[in-house]
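Inside the fold
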Amino acid sequence: CAQAENEAARTLPSLIVCPSTLVAHWVSETRKFIAGTVLRPVAYVGTPAERAAVREALGPRALLVASYESVRKEAAALARVRFNYCVLDEGHMIKNARSKLTQAVKQLHALNRLILTGTPIQNNVLELWSLFDFLMPGFLGSERDFAERYSAPILQSRKPSCSEKEREAGLLAMEALHKQVQPFLLRRVKED
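From a predicted model like this one, the values you see are computed outputs, not experimental measurements.

About the thresholds
Residues numbered from 1 in each chain as written. Predicted model: local features only at pLDDT ≥ 70, side-chain atom pairs only at ≥ 80, totals over all residues. Heavy atoms only, no water. Axes fitted to C-alpha atoms, helices over the stretch in contact; angles between N-to-C directions. Helix = DSSP H or I, 4+ residues; strand = E, 2+ residues; numbered from the N terminus. Parallel < 35°, antiparallel > 145°, perpendicular 65-115°, else oblique. Left-handed = near helix turned anticlockwise from the far one by under 90°. Contact = heavy atoms within 4.5 Å. Nonpolar A, V, L, I, M, F, W, Y, C, P; charged D, E, K, R; others polar. Expected span 1.5 Å × (residues − 1). Buried < 20%, exposed > 50% of the residue type's maximum accessible area, 1.4 Å probe, protein only. Arc of directions from axis to C-beta. Core = buried A, V, L, I, M, F, W, Y, C linked by side-chain atoms within 4.5 Å. 1 Å grid on protein atoms, 1.4 Å probe; cavity = no way out; pocket = protein on both sides within 12 Å on 5 of 7 lines; lining within 4 Å. Points joined across faces, edges and corners; volume = space filled by probe spheres on them.

**Considerations on the packing of helix α8 (residues 143–157) against helix α9 (residues 164–181)**
- Between α8 and α9, whose axes approach to 7 Å, the crossing angle comes to 130°. Accordingly, the angle class assigned to the pair α8 and α9 is oblique. The element α8 and its partner α9 pack so that their crossing is left-handed. Contact with α8, carried on its side by F146, R149, Y150, P153, I154, Q156 and S157, involves E166, R167, A169, G170, A173, M174, A176, L177 and Q180 of α9 and no other residues of that element.
- When its residues are assigned to classes, the contact of α8 with α9 shows nine nonpolar, four polar and three charged.

Structure, rendered in structure tokens:
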């Protein structure tokens, strides 16, 4: 039963969301390295009518490559498609949980989700929550719970005027957060 479900999932279309300047590159690189019988890359470009035709023609093993702007504009239509994978290239684009773009991306339905980003995720703790809310909704709790448990103590501990108790609470919150998210992060440094 599980094997049949896995095989069925593999025939679903997948989605790459990236900056518009990278759409053609993703299509080209996919064609170069992956056989068309495994994935068939399709650029999600053109007029709204042309993009609608692309959506209607999505078949098994299609790899839809769309810009963030297209996803933002056509969130409702794309939310009706069930994807096997949804990969966000330059995923830090959804770091602001309240932006229209982030809300649009989080409407997408995919069995598997992945974020690629070259931006360090430790810049802002709430940005990390937004990324994980896309990857694994609920894993880090609600935004409010996350702010109370992690963000507020960490930010307070960074203030020069914080007490020793606040500094320790921030360190403990940072360690707990690191322990929770570390198993889901792969880091590559430039030397690699």
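**Thoughts on α9**
- If you check α9, its first and last C-alpha atoms are 26 Å apart, about what 18 residues at 1.5 Å a residue would give, namely 26 Å.
- When we look at burial in α9, the residues that qualify are G170, A173, L177 and V181. Down the axis of α9, the buried side of the element spans an arc of 65°, and every buried residue falls inside it. Exposed positions of α9 whose direction lies more than 90 degrees from the buried face are E164, K165, L171 and K179.
- Check the buried side of α9 and you find it contacts α7 (125–135) and α8.

**Considerations on the nonpolar core**
- By size, the foremost hydrophobic cluster in this structure holds 23 residues, and its most contacted members are L88 and V105.
- Of all the secondary-structure elements, those providing two or more residues to this core are β1 (14–18), β3 (62–67), α4 (68–73), β4 (82–89), α6 (100–105), β5 (109–116) and α7.
- Leaving out residues up to four positions away in the same chain, L88 has contacts with V17, Y68, I94, V105, L114, I115, L116 and F134.
- With twelve residues, the next largest nonpolar core counts L128, Y150, I154 and L177 among its residues.

**Observations concerning the layout of surface pockets**
- Estimates place the volume of the second largest pocket at around 240 Å³.
- Taken together, 15 residues make up the lining of the second largest pocket; nearest its centre are S14, I34, L39, L63 and Y85.
- Of all the secondary-structure elements, those providing two or more residues to the lining of the second largest pocket are β1, α2 (23–33) and β4.
- Considered class by class, the residues forming the lining of the second largest pocket number nine nonpolar, three polar and three charged.

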